[in-house]
Amino acid sequence: MINYSGPIDADVVVVTDQPSADDEIHDKPFSDEQTETIKELLDYSGFDPDNTLFVYGLANRRNTRRAASGEEIREDAMENLLPVLTAHERKTIFAMGNNALCALGVTAKPEGINSYKLQTLKTRYSDGEGNLATNANIIAGINPYFLLKEPDEGEVFLTDLAYGFRLHSGNTQEQVPVEVIEITKPEQIQEMVDRAKRELDDVPYIAYDHETDDLDRDTAIVIMSAFCPGFKNDKGEYVVYVWAGYDKMQPRYTPEEMAAFITAFDEFYSNVNNGYHLIAFNANFDDWVTETMVGHKLPGSTFDVMLMKWVVNNLGANDLKTNTGKYIGYPNYERVVVEKFKEIKARRSKILTDPEDFATIKRRGLEPEVKVVRKGKVTNYYWPKNLDKGAEGYALIDFETLFKYAAYDAVYTRMLFDVFAKKIQQQGLSKSMKLRHRIGKLLMRCEQRGFLMDTEINDNFETELTQIEKDCRTKLNDIVYKIDPDFKDFNPNSNDHLAKLLYGAPDLIPEIDMDSLLEQVPRGWRESDYFALWKDVAKF
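These numbers come from a predicted model, not from an experiment.

Participant: Where do I start with the overall build of the protein in this structure?
Facilitator: If you tally the helices and strands in the protein, you get 19 helices and 15 strands. The buried share of the protein, reckoned over its 540 residues, is 44%. Within the protein, residue pairs in contact and separated by at least 24 positions form 67% of the contacts whose partners lie at least 6 positions apart. Only carbon and sulfur atoms are counted for the fraction: they give 50% of the accessible area of the protein, which is about 29900 Å².

This is the structure we're talking about:
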């Protein structure tokens, strides 16, 4: 009979690998540190760990070092796991590792779990009447062993949990529903602010994001700007405003019309914190580019959502896309844009034929490389070696795709702001968050104007530091001489020198015979068991 822990009728199930050594020692299933870590992550993601059923994919620990085959795993699961799962209706099942995914009937072999990530999976098992044995959504997770071995893997698992929680809550849409309003007249910018004040009970926090032709903040051209004030329409869709000044680097407005837009945006950005606030993800970039666009210094964003994320959790990636998946459950919304960007870069590795590529090279003040072939009859043009193949890449993506992508950048920034603001308040980190944002703005100004350096103090410090280094080396050599008078040219950064000094010559250092060691280890131990043994050896 398979062991499980938690309420048997829970609609959330976590399927792991097999009983651990701790389970057998304490005769208590799911008593190890791995399970406690999973419970903490479940709670963090919105699930109730006390109302979650934990069950093993395999009924018993395998007393062999040979990995179980897919056929063996499924045979074990159909006899032991499946009756437990089908005893009650389930909504969400997390498969923790390859064996678990195979035991659930998703894969034929216990391998390739990463290719099933962030998908809604179903079992292949039948109830004998042509129906699935369970209609629960199966989410591919991570082997619990790695949650302890690699702490950052817990951050990856949070994305799986967020995706599962969104589906578990009944939200099956691929992306959050939005209504996108295009800003085609300068006066619409103020109309957006006025509507936000009417729709929201509090002072609006307007999330914004720029799409640019370049990452150089001093020269980048703003192709599109998206704004999400945070309110929804009658259909429950987030309302997003998008201004698109260019289409594939071609201006969509006359110089006079463009100047009118810049004036309106200047007024909007200059009045931040006067009746409304502005937020961005990586505000350093967007605020800087905004100042480049209007031509002077501005108040800048009230808060940087990227810094808020770091205050809440300084582990894992800090980019917008990763954290949208991790905290909101909408992963890979940028997939189409990234694929098209890669296509643009790929075509630039071949003979140039697209007029847009020639135009990009010309705008950069360069010329394509020329190669004459077939005895001078054919002239081929290639991308310049000193120009990044990604230059203007995003700006050349088709208008409709980039327009939608810009809107999602803004709406997910706004949604993450709500998530992190709540967590910061709950954890009492408001003061820390405000302080870090102030420092972030100061650092941006320092980057813009440079740092004032006292060269005299720096030169003196370098001299003092060099002398300290010489004194330390002299003292270190004296110590080495007392230990071993024959040791010459000791290098403290050399592991071989350290070993020889501390333990003697290499032939005097005891070696561990791995075969003899393994003979003392019970058969059937898993990698985690070996890891625990090595920790004990290290302590000894």
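The structure having been displayed, the exposition proceeds.
Participant: Help me out: how do you make sense of the pairing of strand S2 (residues 12–16) in this one?
Facilitator: Looking along a regular strand, one sees the side chains alternate between the two faces of the sheet. Across the 5 residues of S2, 5 count as buried, placing the element largely inside the fold. By the alternation rule, side chains of S2 split into Val 12, Val 14 and Thr 16 and Val 13 and Val 15, which are all buried. With 5 bridges connecting them, S2 and strand S3 (residues 52–56) associate as parallel partners. Paired with Val 13 across the strands is Leu 53, a residue of S3. Both S2 and strand S4 (residues 92–95) contribute to a ladder of 4 bridges, which runs parallel. Considered in S4, the bridge of Val 12 is made with Thr 92.

Participant: I keep staring at the nonpolar core and nothing clicks. Help me out?
Facilitator: As a rule of thumb, nonpolar side chains are buried together in soluble globular proteins. Of all hydrophobic cores here, the largest spans 79 residues; its most connected members are Val 176, Phe 227, Val 240, Phe 268, Tyr 269, Val 411 and Tyr 412. Sorting elements by how many residues they give to this core places helix H14 (residues 399–426) first, with 14 residues. Beyond its immediate sequence surroundings of up to four residues, Val 176 is in contact with Tyr 238, Tyr 330, Tyr 408, Val 411, Tyr 412 and Met 415. Core analysis: the second largest hydrophobic core is formed by 31 residues, Cys 102, Ala 103, Leu 121 and Ala 136 among them.

Participant: Sorry if this is basic, but what is going on with the pattern of salt bridges here?
Facilitator: Any two side chains of opposite charge can pair, on the condition that their charged atoms come close. Overall, the coordinates contain 18 salt bridges when judged by the stated rule. One salt bridge connects Arg 195 with Glu 199, and the closest N-O pair in it is separated by 3.6 Å. Highlighted residues: Arg 195 and Glu 199, both in helix H7 (residues 187–199), separated by 4 residues, approximately one helical turn. A residue is classified by how much of its surface remains accessible, and Glu 199, at 40% relative accessible area, is partly exposed. A cluster of three or more residues bridged by salt bridges with shared partners is formed by Lys 248, Arg 347, Arg 348, Asp 354, Glu 356 and Asp 357.

Participant: Even after reading the chapter, I still don't get the sheet that holds strand S5 (residues 137–140), so can you show me in this structure?
Facilitator: Across a sheet, paired strands are connected by hydrogen bonds in the backbone, their directions being either parallel or antiparallel. The 5 strands lie next to each other as S1-S3-S2-S4-S5, forming an open sheet whose pairing is mixed. Both outer strands of the open sheet, strand S1 (4–5) and S5, are each paired with one neighbouring strand and no more. Across the sheet, helix H2 (residues 33–44) lies against S2, S3 and S4, angled at about 145° from S3, the strand it touches most. In the packing of helix H3 (residues 70–85) onto the sheet, the strands contacted are S1, S2, S3 and S4, and the crossing angle to S3 comes to about 170°.

Participant: Any chance you could explain the pairing of strand S9 (residues 238–244) here in plain terms?
Facilitator: Within S9, 7 of the 7 residues are buried, which leaves it mostly tucked inside the rest of the structure. Side chains Tyr 238, Val 240, Val 242 and Ala 244 of S9 all project onto a buried face; the interleaved residues Val 239, Tyr 241 and Trp 243 project onto the opposite face, where all are buried too. Sheet topology note: the strand S6 (residues 178–182)/S9 ladder contains 5 bridges and is parallel. Bridged to Ile 181 within S9 is Tyr 241.

Participant: How do you make sense of the sheet that holds S6 when you look at a structure like this?
Facilitator: Here 6 strands make up an open sheet; going across it, the order is S6-S9-S8-S7-S12-S13 and the pairing mixed. Among the strands making up the open sheet, the edge pair consists of S6 and strand S13 (303–304). When strand S7 (residues 205–212) meets strand S8 (residues 222–228), the two strands line up antiparallel, connected through 6 bridges. Across the sheet, residue His 210 finds its bridge partner in S8, namely Ser 225. This element, H14, spans S6, S7, S8, S9, strand S12 (277–280) and S13 of the sheet and lies at about 40° to S8.

Participant: Can you walk me through the packing of helix H11 (residues 320–327) against H14 in this structure?
Facilitator: Each pair of packed helices gets described by two things: the angle between the helix axes and the distance between those axes. In contact at an axis separation of 10 Å, H11 and H14 are set at 55° when each is read in the N-to-C sense. As far as their axial angle goes, H14 and H11 are oblique. Where H11 crosses over H14, the handedness of that crossing is left-handed. Facing Leu 320, Lys 321, Asn 323, Thr 324 and Tyr 327 of H11, the residues of H14 in contact are Tyr 405, Asp 409, Tyr 412, Thr 413, Leu 416, Val 419, Phe 420 and Lys 423. Residues of the contact of H11 with H14, tallied by class, amount to 7 nonpolar, 3 polar and 3 charged.

Participant: Explanation requested: the packing of aromatic side chains in the structure shown.
Facilitator: We describe a pair of aromatic rings using the distance from one ring centre to the other and the angle between the two ring planes. Using the criterion set out here, one finds 26 aromatic pairs in the structure. On the basis of an interplanar angle of 65° and a centroid distance of 5.1 Å, the ring pair of Phe 268 and Tyr 269 is categorised as edge-to-face. The burial state of Phe 268 is the same as that of Tyr 269; both residues are buried. When the centroid spacing of 5.6 Å and the interplanar angle of 75° are considered together, the rings of Phe 487 and Phe 490 count as edge-to-face. An aromatic cluster of at least three residues, connected via ring pairs, comprises Tyr 208, Phe 227, Trp 243, Tyr 253, Phe 261, Phe 265, Phe 268, Tyr 269 and Tyr 276. Lys 39 extends its terminal NZ or CZ atom over the ring of Phe 54, reaching a point 5.6 Å from the ring centre. The side chain of Lys 371 reaches across the aromatic face of Tyr 382, ending 5.0 Å from its centre.

Participant: Which parts of the structure should I look at to understand unusual backbone geometry?
Facilitator: Excluding glycine, a negative phi dihedral is what most residues carry, and trans is how most peptide bonds are arranged. One non-glycine residue with positive phi stands out, namely Lys 248, at about 50°. Within the secondary structure, Lys 248 sits in the loop between strand S10 (246–247) and strand S11 (250–251). Residue class for Lys 248 comes out partly exposed when judged on its relative accessible area of 30%. Unusually for a residue other than glycine, Asn 282 sits at a positive phi of about 65°. Note on placement: Asn 282 falls in the loop between S12 and helix H9 (283–294).

Participant: Just to check I follow, could you spell out the environment of Ser 169 for this structure?
Facilitator: You can see Ser 169 is positioned in the loop between helix H6 (152–168) and S6. Here the alpha-carbon distance between Ser 169 and Thr 92, two residues 77 residues apart in the chain, equals 10.0 Å. A polar contact of 2.8 Å, which involves the side chain of Ser 169, links it to the backbone oxygen of Phe 165.

Participant: What is the right way to look at a negative patch on the surface in this model?
Facilitator: Taken together, the side chains of Glu 33, Glu 36, Glu 40, Asp 43, Asp 48 and Asp 50 define an acidic patch exposed on the protein surface. Here Asp 50 is to be found in the loop between H2 and S3. Accessibility expressed as a relative area gives 63% for Asp 50, which makes it exposed.

What counts and what doesn't
- Residues numbered from 1 in each chain as written.
- Predicted model: local features only at pLDDT ≥ 70, side-chain atom pairs only at ≥ 80, totals over all residues.
- Heavy atoms only, no water.
- Helix = DSSP H or I, 4+ residues; strand = E, 2+ residues; numbered from the N terminus.
- Buried < 20%, exposed > 50% of the residue type's maximum accessible area, 1.4 Å probe, protein only.
- Contact = heavy atoms within 4.5 Å.
- Areas by Shrake-Rupley, 256 points an atom, 1.4 Å probe, with all protein chains shown as cover.
- Pairing = 2+ DSSP bridges.
- Core = buried A, V, L, I, M, F, W, Y, C linked by side-chain atoms within 4.5 Å.
- Salt bridge = Lys/Arg side-chain N within 4 Å of Asp/Glu carboxyl O.
- Axes fitted to C-alpha atoms, helices over the stretch in contact; angles between N-to-C directions.
- Parallel < 35°, antiparallel > 145°, perpendicular 65-115°, else oblique.
- Left-handed = near helix turned anticlockwise from the far one by under 90°.
- Nonpolar A, V, L, I, M, F, W, Y, C, P; charged D, E, K, R; others polar.
- Phe/Tyr/Trp six-rings, centres within 6.5 Å; stacked < 30°, edge-to-face > 60°.
- Lys NZ or Arg CZ within 6 Å of the ring centre and 35° of its normal.
- Polar contact = N/O pair within 3.5 Å; in protein donor to acceptor, adjacent residues only side chain to side chain.
- Patch = residues over 30% accessible without salt bridge, like charges linked within 9 Å, V, L, I, M, F, W, Y side chains within 5 Å.
- Lys, Arg positive; Asp, Glu negative; His and termini not counted.
- Charge placed at Lys NZ, Arg CZ, Asp CG, Glu CD.

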